[in-house]
Amino acid sequence: MEEIRKDNNFLLAPSLTTLELMSQDMRAAGVRCVAEAVKENKTLTKLVLMRNKIGDSGAQCLAEALRENQTLTHLDLDSTNIGDSGARCVAEALRENQTLTSLGIRNNNIGDSGARCVAEALRENQTLTSLDIRSNKIGDSGARCVAEALRENQTLTSLDICNNK
């Protein structure tokens, strides 16, 4: 992943639509470079960062990119060590982002607090159609918040919330 930190010009390639960086031992510093490029990229529609250790600070960097990027439709952050703070950052970005349709944040450390933030974003977001938040640490109160948000959300068609607390 040192190459990404040194030179992320390949992320700005005019024909790049999918970038999969799974299991690269990427941490917050590496994802920060990816996020900076995502802000500028005009063609990327799918970003897969699953099984990296980006944590909450990496999620915050990606959330900042989501606020600016207008092409990304699919973001996979499965098994990336994101907790409630990272979920809050991503959820806040979902309130502004107008293009993301699929978000995968399964198998992380998201609890009730993070689920509440995601639920609040679902009340406002008009583009997300698929959300995978299974295998986290979401309890009854967090699941209830998500369920209540679905009453207002008109776009989500797929929700996986199984295997939680």
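As the structure is a computational prediction, the values presented were derived from the model and not from experiment. (Residues numbered from 1 in each chain as written. Predicted model: local features only at pLDDT ≥ 70, side-chain atom pairs only at ≥ 80, totals over all residues. Heavy atoms only, no water.)

A. Spatial organisation of the sheet that holds strand β4 (residues 102-104). Reading across the sheet, the 6 strands line up as β1-β2-β3-β4-β5-β6 and stay open at both edges, with parallel pairing between neighbours. The open sheet has two edge strands, β1 (18-20) and β6 (158-160), and neither has a second partner. Looking at each pair of strands side by side, their axes are set apart by 0° on average, direction ignored. Relative to strand β3 (residues 74-76), strand β2 (residues 46-48) is paired through 3 bridges, and the arrangement is parallel. If you follow Lys46 over to β3, its bridge partner there is His74. (Pairing = 2+ DSSP bridges. Helix = DSSP H or I, 4+ residues; strand = E, 2+ residues; numbered from the N terminus. Axes fitted to C-alpha atoms, helices over the stretch in contact; angles between N-to-C directions.)

B. Representation of helix α3 (residues 55-68) in the model. A rise of 1.5 Å per residue sets the reference length of α3, with its 14 residues, at 20 Å; its end C-alpha atoms lie 21 Å apart and thus fit the reference within 8%. Among the residues of α3, Gly55, Gly58, Ala59, Cys61, Leu62, Ala63, Ala65 and Leu66 are the ones counted as buried. The elements touched by buried residues of α3 are α2 (28-40), β2, β3 and α4 (84-96). (Expected span 1.5 Å × (residues − 1). Buried < 20%, exposed > 50% of the residue type's maximum accessible area, 1.4 Å probe, protein only. Contact = heavy atoms within 4.5 Å.)

C. Highlighting unusual backbone geometry. The backbone of Arg51 shows a phi angle near 60°, a positive value even though the residue is not glycine. As for its placement among the helices and strands, Arg51 is situated in the loop between β2 and α3. Despite not being glycine, Asn81 has its phi angle at roughly 65°, a positive value. Looking at where Asn81 falls in the secondary structure, it is placed in the loop between β3 and α4. By relative accessible area, Asn81 is classed as partly exposed at 44%.

In short, geometric facts, not functional conclusions.
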